[in-house]
Amino acid sequence: MSTEVLAAAQAGVPAPASGARQVWWRLRARRAAAVAGAGLGLLLLLALAAPLLSVLIGQDPNAYHDDLIDSARGGVPTGSYGGISGEHWLGVEPGTGRDLFIRLVYGARVSLLVAIGATVLQVLIGVSIGIAAGLGNRLLDGLLGHLSDVFIALPTLAFAIALTAVVPGDFPRPLLLILVIALLGWGGTARIVRAQTLSLKKLDFVAAARLGGSGPFRVARRELLPSLAAPVITYVAILLPTNIVAEAGLSFLGVGIRPPTASWGQMLSSATTWFRADPAYVLLPAGLLFLTVLAFTVLGDALRTALDPREASRLGVGRERTRRTRRTRTSRKGDPA
Amino acid sequence: MTSYVLRRAAGAVLVLFVLSVVVYAVFYAVPGDPAKLACGPRCNPAQIAQVRDQLQLDDPLYTRYWHFLQGLFAGHDYSTGTGVLHCNAPCFGLSYQNDQQVTELISQRLPVTASLGFGAMVLWLVLGIGTGLLSALRRGGTTERVLTWFTLAGTATPVFIIGLLLLMVFCAQLQWLPFPSYVPLTESPEQWAWNMLLPWIALALIEAAKYARLTRSSVLETLADDHIRTFRAYGVSERAIVGRHALRGALPPVIALSALDLGSIFGSAMLTETLFGLPGLGQLMVHAVRDIDLPVVVGVVLVTGAAVVIANIIADLLYAATDRRVTLT
Amino acid sequence: MRQLPLISRRVAAAAVSVVLLGGVAACGPEDSDSSGSKGGSGDAPREGGTLTVLNSQPQSDFDPARLYTSGGGNVPGLVFRTLTTRNRENGPAGAKVVPDLATDIGKPSKNATVWTYTLKDDLKYEDGSKITTADIKYGIERSFAAELSGGAPYLRDWLVGGDSYEGPYKEKKGLDSIETPDEKTIVFHLRKPEGDFPYLATGTQFAPVPKAKDTGTGYEKHPISSGPYKVVKNSGDGERLLLERNAHWSDKTDAERHAYPDTVDVRSGLDSAVINQRLSTGTGPDAAAVTTDTNLGPAELAQVSGDKKLADRVGTGHFGYVNYLAFNPKVKPFDNPKVRQAISYAINRTSVVNAAGGSSLAEPATTFLPERKYFGYTPYDHFPAGKTGNPDKARELLKKAGYQDGLKITLTHSTARNFETSPEVATALQEGLKKAGITVRLQGLEDNDYSEKTKSVQQAPGLFLSHWGADWPAGGPFLAPIFDGRQIVKDGSNYNAAQLNDKAVNDEIDAINKLTDLDAAAKRWGALDKKIGEQALTVPLFHPVYKRLYGADVKNVVISDWTGVLDVSQVAVR
């Protein structure tokens, strides 16, 4: 069984753009990528420096400010725009009066840690299984194929909730989230790697190596992995934002990072009730999450074009491509959002 | 063709079987005693034991799974105290929480999720095909740039964010749309649509981008074909070419992808329904998972899993039927 | 025990609080006794119209045997009449028990072990047939059947032979301790004196069930009405209920229920945010709508209180409920009273109240019993923490206990978003205790896991967030399950977390149970609460206050302290 449809569907053909326009678009794409990259760099820096920043601006992410909220009115921040002040740059959290700026910065730590960790693990699992399926015999290939089909029919979020419930409460949550997201989301990588392996297998240099008596491990390491790097890195660029969203989604459903640790998804989920009374509280984590995922997507697209000039940019801002390449078993493993 | 369908169907059954085993195994390990939950607070140990016996919770995992399979294919009888309750095949069992038949629970919730899915699909098709066509016709201009960013935004936004923003703008600020509250289609079609509009828009905005991209590339591909060039040479209007020929070429992948997306709408339905408080399958699932309501979890997983698998098959068939370049193997 | 009304019995044990928006909330002190102004517009309530009830929990249990609370909560109370019932009046007056099917609240024998009731005349079911005491006996017997579990444990504990009886389906013979000498008389024989029996008789187990109509677990589909409304439609396992007037009910025999509307349309399975949204918008039938299970959450309260028109449509209620920190002295270091006292001193109740929704939804508490006379409220504050805690005193005590370098402890809470045992409250406590040099590690458990662990003698953690609500408005059911040594349950759900087994306490409980003068009993419960408080086995945190919206057309709003929520049997929509 296959999902040719999707493979075909996703292999879009971009416009044959004229030379000057093409260059302009590329430039544009690069500029967007540069902005996105800079933004993400800044976020990463802030996240890494969060404890230092906390000391510098004198805000503890967990310090309560009961005087900054109106207790009789459900704990809504006093003052306008969610209680913005010289001391609390982005206002305070309703119900607790905790500083939002520093909590958002700390939240970035969690988001990035979980997303990057899960992506690395997904790639490790996906590449191993993909190569095994590609190089293995028909039986192994079929078995692994069915396995990924099962994982595709699996309601990822429901399983994630169940898995987080199975694990004892003392288990470190970020690690748990990394494991859950990775274990449920390796299917896409595996499919791509398998497809690539199958086509590489037919190429002369791999065939030669196999004929020359190299074992499957040697072939995988020496011949396949270097050629797989480009598509895998491209795919990582898609996985990263997907995983950020996945972490936020799990926290949104209440099974993610545990309080008092700040996380964007958790802030969003408690913010859902406040969209009328304190809109600023919703807009901040929502906007930040949106921009981060957007930046990752832009950067990923640019990376993809840069790495494989034959591939058009997914966003239709890349190079001309004349023939449709039929890929098999492309990922259908969408993001859980 | 027939053998292909049969093979796919057999594969689908196998996948669902494995799925049910996995669900059983995972939820078996979830801490908490369903008997205590089902019995209620301040039940004495004897009562809990009785409930446990009634729910057959003391049986080993494989026996319980076997009973589940039996119920699925042959139905199951439950004691009601005074008589017998017959649960017809396919019987997923009774909910631990309220003794309701799982099939009944699912059939109650299904219309909500289906309303959400189909409505959103109509919207994303209109939106996606429309923008896709537009941008294919006006290549390189502002339209294309707008589409590019629209696409980017769509890919970047999880449904709970776009939904929240929509709520803030249309429900809290402008007060144009109500906070969604599901009204059955049979009760009042206008109310049904009016209430579902926000969730539809939220889902459609995210999906439409993908369809716009797909439509655009398919249309462009068709437009580059030789026969279109011939039409142009004969002086057929651009409008007719696009409307009659290019669009026809673009539809198959769009339809196929729609089938797939509809099948997997469930994943996003959990978040959408949680955000908007819609009593659909997604919400049922979230609750059942927390209540360790194994029969409900298994039932919902199988039903939605089946939807995904069947959608996959239909998508491939549809695609093959409309595009001769694809052969089914 | 009784949970917050939002939470139906069984779901209560499970974790209900997936509810993302809104949610359960507790609330504030200023408007303490003004609960439930006779609401709506000024003119007198009239008959007619349709009352819409918007609820989150479906009435999935509609069998009188399976319901836990008095009258089975609000909606079932429209269908089931019981031997006694709660007084349908605003505030503290509503915490009284009054006769319903019976002519009085019960005639006790001298030592309160035998209770006799006589039925009123002309009592009929919805089909016009006569209600007899045999049907009441049968209704009680059914509640012993395992198939119909869910009711409160008292009947099993109190009735002679109740501990071993397995219900009428298995044991045709019935319970000998319930006698029906004639059609109008019923006599109960108890194992021990229970002055609170009239309260118990408000439970739906005391509603008549005609044996011929009993269909076991199927009975809840259409329970036979003895009250002002009968079930016309019950679909989706209680998700949609349609009740219409029961022509055979008469207000001549029922002094408590009004039954102004012609029809009651109950729609449940709604998200709490949806309910509050619909009530505040109030278009179409929603103008004549109420909710019997959904409070305003903090964010919604913030929204509503900014809108004068909406704020006028908020009913405030007080239900006897306490949220507290529970110690398990079997776990170190909580075996040391000084440590428990230090923690009591260090509590920052302001942060805790804010975490629970602010001063309008929660009242800071230093006593276990709620601040109501009928509970026997006796003020005390043995370890005064002031508004924001007394970290110095706490440090001093810790030093004496040998923890001069600070103390590391674990606080167990649930992950349910109920603003009670939830992460918000736990985090607020953690932050407060930090000032006294106490480092708190939070252990958040999924709700099922939480309720199982905290109620297990073997596995109970040393310190956890807990809550308790009385099954009826008296000190007994509030204190006994928590502090009576004989109610320590070794192999089931244990609520005596401290595992206190103090002979003096046990004896006093027995002595008060013998009293049939409920006022005298209340005073002694209050004194007992104060006495137990000295041991610092719990840290009372706050008593919740309920805030609920009702539709613009809703009149005659009555909120009694018994339930703390608007009474549907009093509401008029015209």
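Residues numbered from 1 in each chain as written. Chains lettered and ligands numbered in written order. Predicted model: local features only at pLDDT ≥ 70, side-chain atom pairs only at ≥ 80, totals over all residues.

The name an unreviewed UniProt entry assigns to chain B is Peptide/nickel transport system permease protein, from the organism Streptomyces zagrosensis. According to its UniProt record, chain B has this under Sequence similarities (unreviewed entry): "Belongs to the binding-protein-dependent transport system permease family." Word for word, the UniProt comment on chain B under Subcellular location (unreviewed entry) is "Cell membrane". (UniProt positions renumbered as here; feature names shortened; annotations may be inferred.)

Going by the annotation in an unreviewed UniProt entry, the name recorded for chain A is Peptide/nickel transport system permease protein, with Streptomyces zagrosensis given as the source organism. Regarding chain A, the relevant UniProt record gives this comment under Sequence similarities (unreviewed entry): "Belongs to the binding-protein-dependent transport system permease family." Listed in UniProt under the heading Subcellular location (unreviewed entry), the comment for chain A reads: "Cell membrane".

**Student:** Sorry, what's going on with the overall build of chain B here?
**Tutor:** From N to C terminus, chain B includes 13 helices and 2 strands. Principal axes of the C-alpha set define a box for chain B whose edges measure 85 × 55 × 35 Å. Split into buried and exposed, the 329 residues of chain B put 51% on the buried side. If you take every contact in chain B between residues at least 6 apart in sequence, the share linking residues at least 24 apart comes to 65%. (Helix = DSSP H or I, 4+ residues; strand = E, 2+ residues; numbered from the N terminus. Buried ≥ 20, exposed ≤ 12 C-beta atoms within 10 Å, placed from the backbone. Contact = placed C-beta atoms within 7 Å.)

**Student:** How should I be thinking about the confidence of the model for chain A in this particular structure?
**Tutor:** Atom-level detail of predicted coordinates should not be read off regions where pLDDT is low. Residues and elements named next belong to chain A. The predicted model of chain A averages 77 in pLDDT, with 80% of residues at 70 or higher. Confidence drops under pLDDT 50 across residues 1-20; counting only partners more than four residues distant or on other chains, this segment forms 61 contacts. Ignoring residues within four places in sequence, the model shows residues 311-337, a span with pLDDT below 50, making 85 contacts including any to other chains. (pLDDT = per-residue confidence, 0-100.)

**Student:** Mind showing me how you'd approach the sheet that holds strand β11 (residues 289-290) of chain C here?
**Tutor:** Hydrogen bonds between backbone groups are what pair the strands of a sheet, and the pairing can be parallel or antiparallel. Residue and element names in this part refer to chain C. Across the sheet, 5 strands lie side by side as β8-β9-β10-β1-β11; this open sheet has mixed pairing. Each edge of the open sheet is held by one strand with a lone partner, namely β8 (229-235) and β11. Bridge analysis of strand β1 (residues 50-54) against β11 gives 2 bridges, and the strand direction is parallel. Its bridge partner lying in β11, Val-53 is registered against Val-290. (Pairing = 2+ DSSP bridges.)

**Student:** Explain the domain arrangement of chain B to me, please; I cannot follow it from the model alone.
**Tutor:** The extent of an interface is frequently quoted as the accessible surface area lost upon association of the parts. Residues and elements named next belong to chain B. For chain B, the assigned domains read domain 1 (2-87) and domain 2 (105-322). Its C-alpha centre places domain 1 at a distance of 34 Å from the equivalent point of domain 2. Taken together, the contact pairs 14 residues of domain 1 with 12 residues of domain 2. Those elements that provide at least two residues to the side of domain 1 that touches domain 2 are α1 (2-28) and α2 (34-39). With 9 residues, the top contributor of residues to the side of domain 1 that touches domain 2 is α1. Here the residues of the side of domain 1 that touches domain 2 are counted per class, giving 11 nonpolar, 2 polar and 1 charged. (Domains from an automatic or database assignment. Nonpolar A, V, L, I, M, F, W, Y, C, P; charged D, E, K, R; others polar.)

**Student:** Explanation requested: the UniProt feature "transmembrane region" (unreviewed entry) in chain B in the structure shown.
**Tutor:** All names here are of chain B. Cross-referencing UniProt, the feature "transmembrane region" (unreviewed entry) maps to residues 12-30, 116-137, 149-172, 192-209, 254-276 and 296-319 in the present numbering. The annotated region residues 12-30 carries 89% helix and 0% strand content, and the separation between its end C-alpha atoms amounts to 27 Å. The span residues 149-172 is 92% helical and 0% strand by assignment, and the distance between its end C-alpha atoms comes to 26 Å.

**Student:** Looking at this model, I keep getting lost on α1 of chain B. Mind explaining?
**Tutor:** A turn of α-helix holds 3.6 residues, and therefore any two residues three or four places apart point the same way. Compared with an ideal rise of 1.5 Å per residue, which puts 27 residues at 39 Å, α1 of chain B spans 39 Å between its outermost C-alpha atoms and is within 8% of the ideal. Those residues of α1 of chain B not exposed but buried are Arg-8, Ala-12, Val-15, Leu-16, Leu-19, Ser-20, Val-23 and Phe-27 of chain B. (Expected span 1.5 Å × (residues − 1).)

**Student:** Where do I start with the UniProt feature "transmembrane region" (unreviewed entry) in chain A in this structure?
**Tutor:** The sites that UniProt annotates as "transmembrane region" (unreviewed entry) are residues 32-57, 110-135, 147-169, 175-193, 224-246 and 280-300 of chain A. Taken end to end, residues 32-57 of chain A is 96% helix and 0% strand, and its two terminal C-alpha atoms sit 31 Å from one another.

**Student:** Help me out: how do you make sense of the sheet that holds strand β5 (residues 114-118) of chain C in this one?
**Tutor:** Residue and element names in this part refer to chain C. Spatially, 4 strands are ordered β4-β5-β7-β6 in an open sheet, and the strand pairing comes out antiparallel. Each edge of the open sheet is held by one strand with a lone partner, namely β4 (107-108) and β6 (178-182). One ladder, built from 3 bridges, connects β6 with strand β7 (residues 185-189); its direction is antiparallel. Its bridge partner lying in β7, Glu-179 is registered against Val-187.

**Student:** Before we go on, may I ask you to explain the nonpolar core in this structure?
**Tutor:** Side chains that are nonpolar tend, in soluble globular proteins, to be buried together. Within the largest apolar cluster, 333 residues are counted, with the highest numbers of intra-cluster contacts made by Met-285 and Val-297 of chain B together with Ala-346, Val-352 and Val-571 of chain C. By residue number, the principal contributor to this core is helix α4 (residues 100-135) of chain A, which donates 18 residues. When residues are assigned to domains, this core turns out to be shared by domain 1 (2-87) and domain 2 (105-322) of chain B, each giving three or more. In this structure, Val-219, Leu-223, Ala-246 and Ala-250 of chain B belong to the second largest nonpolar core, which totals 6 residues. (Core = buried A, V, L, I, M, F, W, Y, C linked by C-beta atoms within 7 Å.)

**Student:** For this particular structure, what's the right way to read unusual backbone geometry?
**Tutor:** Peptide bonds are mostly trans, and most non-glycine residues show a negative phi. Residue and element names in this part refer to chain C. With an omega of 0°, the peptide bond between Lys-332 and Pro-333 qualifies as cis. At Asp-237, a residue that is not glycine, the phi angle is positive and equals roughly 50°. With respect to the helices, strands and loops of the structure, Asp-237 is situated in the loop between β8 and β9 (240-245). Backbone geometry places Gln-499, a non-glycine residue, at a positive phi of 50°. Tracing the backbone shows Gln-499 in the loop between α13 (475-483) and α14 (503-513). Exposure remark for Gln-499: the 15 C-beta atoms within 10 Å place this residue in the partly exposed category.

**Student:** Sorry, what's going on with the packing of helix α6 (residues 142-156) of chain B against helix α8 (residues 189-223) of chain B here?
**Tutor:** Helix packing geometry: the angle between the two helix axes and the distance between the axes. Residue and element names in this part refer to chain B. Packing of α6 against α8 leaves a shortest axis separation of 8 Å and a crossing angle of 135°. Considering their axes alone, α6 and α8 lie oblique with respect to each other. When the axes of α6 and α8 are compared, the crossing they make is left-handed. Seen from α6, the contacting residues are Leu-147, Phe-150, Thr-151, Gly-154 and Thr-155; seen from α8, they are Leu-205, Ile-206, Ala-208, Ala-209, Ala-212 and Arg-213. Tallied by class, the residues present in the contact of α6 with α8 amount to 7 nonpolar, 3 polar and 1 charged. (Axes fitted to C-alpha atoms, helices over the stretch in contact; angles between N-to-C directions. Parallel < 35°, antiparallel > 145°, perpendicular 65-115°, else oblique. Left-handed = near helix turned anticlockwise from the far one by under 90°.)

**Student:** In this structure, what is going on with the environment of Pro-384 of chain C? I would like to understand it.
**Tutor:** Relative to the helices and strands, Pro-384 of chain C resides in the loop between β14 (362-364) and α10 (391-400). C-alpha of Pro-384 of chain C to C-alpha of Asp-405 of chain C: the two residues are 21 residues apart in sequence and 23 Å apart in space.

**Student:** Quick question: what am I supposed to make of the packing of helix α5 (residues 102-137) of chain B against helix α10 (residues 238-263) of chain B here?
**Tutor:** All names here are of chain B. At a minimum axis distance of 11 Å, the contact between α5 and α10 shows a crossing angle of 145°. As α5 runs across α10, the sense of the crossing is right-handed. Residue-level contacts link Gly-117, Met-121, Leu-125, Ile-129, Leu-133 and Leu-137 of α5 to Val-242, Leu-247, Val-254, Ser-258 and Leu-262 of α10. Each residue belonging to the contact of α5 with α10 can be placed in one class, and the counts come to 9 nonpolar, 2 polar and no charged.

**Student:** Please clarify how the pairing of strand β10 (residues 263-267) of chain C should be interpreted in this entry.
**Tutor:** Residue and element names in this part refer to chain C. The element β10 is largely enclosed, with a buried count of 4 among its 5 residues. Relative to β10, β1 runs parallel, the two being bridged by 5 bridges. For Leu-51, the partnering residue across the bridge sits in β10 and is Val-264.

**Student:** Looking at this model, I keep getting lost on the pairing of β8 of chain C. Mind explaining?
**Tutor:** Each regular strand shows side chains that alternate between the opposite faces of the sheet. Residue and element names in this part refer to chain C. The pairing of β8 with β9 spans 6 bridges and is classified as antiparallel. Residue Tyr-229 lies in a different strand from β9, and its bridge partner there is Arg-245. Between β8 and β9, which pair antiparallel and follow one another directly, the connecting turn spans 4 residues, one of which, Gly-236, has a positive phi of 60°.

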